[in-house]
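Okay, here's what each chain looks like letter by letter:
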Amino acid sequence: MERNSTDNTRERGRGPSLLDAGLAHVDEWGSVWFGAIFWGSILVAAGRELVPNAAVLLVAAISAAIGAGAGLVARRRGYWL
């Protein structure tokens, strides 16, 4: 009988690895991260063109928050459009 690495880690008392936990997190919250990163970056570019004298960090924070909010809505609905 062959033993795989997951059996070995359970015998030593370890839980899931950090990579497994990270992948599970991305699988569950991927649409929120997508909204914050992708839509946030698009909104940053648009915001810097529309309000050139605004603080870049403020525009980036607001844009990321709007993008994450859109991601939360998409996560709740189950789809983007």
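What comes next concerns the included structure. (Residues numbered from 1 in each chain as written. Predicted model: local features only at pLDDT ≥ 70, side-chain atom pairs only at ≥ 80, totals over all residues. Heavy atoms only, no water.)

A few words now on the side chain of S31. The topology assignment puts S31 in helix α2 (residues 18–50). Taking the relative accessible area as the measure of exposure, S31 reaches 19% and is therefore buried. For S31, the side chain forms a polar contact with the main-chain oxygen of G71, separated by 3.5 Å. Excluding residues within four positions of it along the chain, S31 makes contact with G71, A74, R75 and W80. (Helix = DSSP H or I, 4+ residues; strand = E, 2+ residues; numbered from the N terminus. Buried < 20%, exposed > 50% of the residue type's maximum accessible area, 1.4 Å probe, protein only. Polar contact = N/O pair within 3.5 Å; in protein donor to acceptor, adjacent residues only side chain to side chain. Contact = heavy atoms within 4.5 Å.)

With that settled, consider α2. Under the 1.5 Å per step criterion, the end-to-end length of α2 is only 41 Å for 33 residues, more than 12% shorter than the ideal 48 Å. In this structure, the buried residues of α2 make contact with α3 (56–77). (Expected span 1.5 Å × (residues − 1).)

The next subject is the environment of S17. Tracing the backbone through its elements, the reader meets S17 in the loop between α1 (5–11) and α2. At 3.2 Å, the side chain of S17 forms a polar contact with the backbone nitrogen of D20.

Contact geometry of α2 with α3 gives a least axis separation of 6 Å together with a crossing angle of 140 degrees. Two packed elements cross with a definite hand, and for α2 against α3 that hand is right-handed. Every residue of α3 that contacts α2 at E28, W29, S31, V32, G35, A36, W39, G40, L43, V44, G47 and R48 is listed here: V56, V59, A60, S63, A64, I66, G67, A68, G71, L72, A74 and R75. Grouping the constituent residues of the contact of α2 with α3 by class yields 14 nonpolar, 7 polar and 3 charged. (Axes fitted to C-alpha atoms, helices over the stretch in contact; angles between N-to-C directions. Left-handed = near helix turned anticlockwise from the far one by under 90°. Nonpolar A, V, L, I, M, F, W, Y, C, P; charged D, E, K, R; others polar.)

Bringing the pattern of salt bridges into the picture now. If you walk through the whole model with that rule in mind, you get 1 salt bridge. Across the pair R75 and E28 runs a salt bridge, and its minimum N-O distance is 2.6 Å. A residue pair is termed long-range when its members are at least 10 positions apart, and R75 in helix α3 and E28 in helix α2 qualify at 47 residues. For R75, a relative accessible area of 31% puts it in the partly exposed group. (Salt bridge = Lys/Arg side-chain N within 4 Å of Asp/Glu carboxyl O.)

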